Amino acid sequence: MKTDMTAADYKAQYALWDQFLEHWPIATLREMTLDEYTKAGDKDTFTYWLEVKLKNLGNVGGGSSFKFGIFSRKDQSQKSSESGASYTQEYAWHSRYGDTPQAAFGVVRDIVVNVAEAAQQGDWKAVEDADLGPATKWKIAFHYQNRDEPGAVDVFIKAALMAFVGVSDADVSLLQLQRDSVAKKRAGEGILEFGARVWSVWMSKAVAVWKLSHGNDGTFNAGEREQLLADGLVVMHKDTKKSQPDKFRKAPNGTLFYLCHGNSIQLLGRFTGPVVASPMNGEWIQRPYKVVKTGLHSTPYDGPAKGWTPRYSSTFSRVPNDDLFEFEESLLTPYFGLKLENLMSDMPNGNGAADSKGDTGSGSNGPLNRILYGPPGTGKTYRSVAEAVSIIDGQPVQALMTTQDAYVAAKQKFDAYRADGQIEFVTFHPSYTYQDFVIGIRPSTEGVNVVYSVEPGPLKRLADLAEENWRASRLKAGSALSDMQRFDRAFGKLLKDISNAPEQYVEMTLHGGKKTQARAGKQGKGVILSKEEGSIPYNVARKGLAALWEGRDKFNTPGDLEPCTYNHSFFFAVLKHLAAIDSNLGAPEEKAPEPLKNYVLVIDEINRGNIAKIFGELITLIEDDKRLGAVNELTCSLPYVDPEEEPAFGLPPNLYIVGTMNTADRSIALLDTALRRRFVFDELMPDIKALPPVAVDGVELPKLVEKLNERIAYLFDRDHTLGHAYFMGIKTFADLEQCLLRKVIPLLQEYFFEDWSKIGLVLGYGKKTDVAPIISKKQLDATALFGSDVEVGDGRAMFAVADGLKPEMVKAIYE
């Protein structure tokens, strides 16, 4: 289905629909012959109309022709009747309809007539109950319904309607989905235009499915392929053509694929880890996966030879969204017993990403780094809230924005995630720096003293939390704590004891018996001790304690601490205290992996800051393949951080960055080239369909905004058009008047640098002489103003904005 049709295109499609009804009225259906219903090579049969001529009004093409109940065979080779299907040389049909072609067609024709009549009467339950292929009967019903009061939209894929409505329950009926979908049709919106909107949502949310082949070309022998299956690995030669290895690397964890050995379909799986070099040899790369479902049988695939099918010579190829219905009919259902809606319910985010529980890689909900860009007022910050929640929850973005209530619920989730530390929100500006964003020295007070400490910025705070979760998700189930994990457990308990103590310290005993107070160091990097009140405090670094931990049982006196070069007595006291905590905590517990969570950093107005200065060396680390655990993992040492106390810094694969950028502030072409390469850009332009269709005192807002933007784009550029958000809250003409006088016209003054002639053109100056203009022009006479003896040039014009507006003045802009 096309989603980019013009008004003329829609007019032609409605005309084609009328032509179909004139050619196939219900009276003709009642008398229809078998040859009129289906005949191979005839382009005027009823089924040819449904499948080919009307394909842009709801596609039922592809897959098996059994969807029509009975069909004329193009391939007339001998075939035995089996599995509920009957064959003659000329026809094939479902055996339940009858023993002969004519008997079966009689039943099918009655069903077709009943469906058309039920749709005409609005009896949608009868349509749902009809014994015919789901897509076929709903296609017929769609065309015979009352077009002015439609009850069905021209989308017959259950998964597509689920995506539009925003549900993931695969058991919901197609009838209920059609009802829920049509309920979202806007007043005055044509049913075909509405269908295009439904389909475009499906295109943005459709589950991504790939074909992956371990072919029959002699590359693998049977034993090698069986070993790969046993190991849960898929491989590819690194020099495979058409950028397939690059796509293989970039496909996020959770991506769904089917594996085939030549034409033999093996399984449905999901990637669970990054691409690494294969031990086969240096020319191969591999990825781990987990099995979603094994194939039901080994019958060789003999369907169409497209790039995503087993019969095509490709290794890693995605099923196009427009071919998903055909994929379901020819491969998903016959070989796995599944429908697309099963995949939608298994992966509610709809983009092929797995549920994060137990996944050992990155949770994937689209690109890791994305920027929403467009003119002012197009809802970029508004959309960023839904994007962040979508990334964490796995819900489609559009489902979070379909209604005001849905968005309010999403905003509440956003606020909750932000409070829990799973989302950070920052706004870039000219004074924003690397020290604000990543890490820097900040002043604080302790009593009457000003102290300076190294503090993380929002990026490092969020990255540390995301990395901790990512590493915890990669633990093997049932694995015992390592010795260093026991140290981390004991040190964490010590910090907790200090935090819970009324005076914020715990007492420790030095080797000679004296007592000392231990307080938490900055950012939990150590503990601070002093021998007596007023003496110089010493920081016992966590890194130094960790180095001593393994030999803790051998240290009987402070002098035994050879690796330690200073304050042996303090290190000895803390080490023995930690050993006592470890003993009290008991035997090392079994560790289970934590569910992987996604973390989101939202950067509003990302282009208003100095990107290169703010990101610094991290401009490299944000790349997908440079993230921790990726094939090209990179880390760096941060400034102000002691490498002995803190490991090198890297960005985990479950950290997402969402930026917004106003193109009227700075053109996207002027953005740092290095940054552009590392982000995916999603353009948000003014959406006049989002504006209320009801006229305000006769002023039609969609027409008004459309005409203003066309003129701005002509006189300036499309990056400075007016976003729909400027007009969203308008309910009365007084609201519109204030919007134009106090928002739009001042913005135009800024855009056109006080060039009032162009501002007047945007507002339709001079178009209608019988209506008072919004911008008036007065010619000034230099001689009258200054006298004839003063030379100040020729006369000039002075422009003025009307004090108040009337509906006819505003309507004159677009009429």
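Before reading on, note that the structure itself is shown above.
These numbers come from a predicted model, not from an experiment. (Residues numbered from 1 in each chain as written. Predicted model: local features only at pLDDT ≥ 70, side-chain atom pairs only at ≥ 80, totals over all residues. Heavy atoms only, no water.)

Asks: Explain the packing of aromatic side chains to me, please; I cannot follow it from the model alone.
Replies: Scanning the entire structure with this criterion turns up 33 aromatic pairs. Look at Phe248 and Phe271: their rings are 5.7 Å apart centre to centre, the planes differ by 80°, and that puts the pair in the edge-to-face class. Placement of the pair is Phe248 in helix H12 (residues 244–250) and Phe271 in strand E7 (residues 264–271), with a sequence separation of 23 residues. Accessibility classification places Phe248 together with Phe271 in one group, the buried group. Through a chain of ring-to-ring contacts, the aromatic side chains of Phe20, Trp24, Tyr37, Phe46, Trp49, Phe105 and Tyr144 assemble into a single cluster. Here the basic side chain of Arg96 rests over the ring of Tyr97, its NZ or CZ set 4.8 Å away from the ring centre. We note Arg287 situated over the ring of Phe271; from NZ or CZ to the ring centre the distance is 4.2 Å. (Phe/Tyr/Trp six-rings, centres within 6.5 Å; stacked < 30°, edge-to-face > 60°. Helix = DSSP H or I, 4+ residues; strand = E, 2+ residues; numbered from the N terminus. Buried < 20%, exposed > 50% of the residue type's maximum accessible area, 1.4 Å probe, protein only. Lys NZ or Arg CZ within 6 Å of the ring centre and 35° of its normal.)

Asks: What should I look at first to understand the side chain of Asn607 in this one?
Replies: Checked against the element boundaries, Asn607 lands in the loop between strand E21 (599–604) and helix H22 (611–615). Among the residues examined, Asn607 registers a relative accessible area of 1% and is labelled buried. Here Asn662 takes part through its backbone oxygen, which lies 3.3 Å from a polar atom of the side chain of Asn607. (Polar contact = N/O pair within 3.5 Å; in protein donor to acceptor, adjacent residues only side chain to side chain.)

Asks: Help me out: how do you make sense of the side chain of Ser181 in this one?
Replies: Tracing the sequence through the fold places Ser181 in helix H9 (residues 174–182). Classification of Ser181 as buried rests on a relative accessible area of 0%. A polar side-chain atom of Ser181 sits 2.8 Å from the main-chain carbonyl oxygen of Leu177.

Asks: Which parts of the structure should I look at to understand the pairing of strand E4 (residues 209–213)?
Replies: Every regular strand shows the same layout, with side chains that alternate between the two sheet faces. With five of five residues buried, E4 is to be regarded as a mostly interior element. Alternating residues of E4 divide into Val209, Lys211 and Ser213 and Trp210 and Leu212, and every residue in both groups is buried. Across five bridges, E4 lies against strand E6 (residues 256–261) in parallel orientation. Paired with Val209 across the bridge in E6 is Leu256. The pairing of E4 with strand E10 (residues 316–318) spans three bridges and is classified as antiparallel. Looking across to E10, one finds that Trp210 is bridged to Arg318. (Pairing = 2+ DSSP bridges.)

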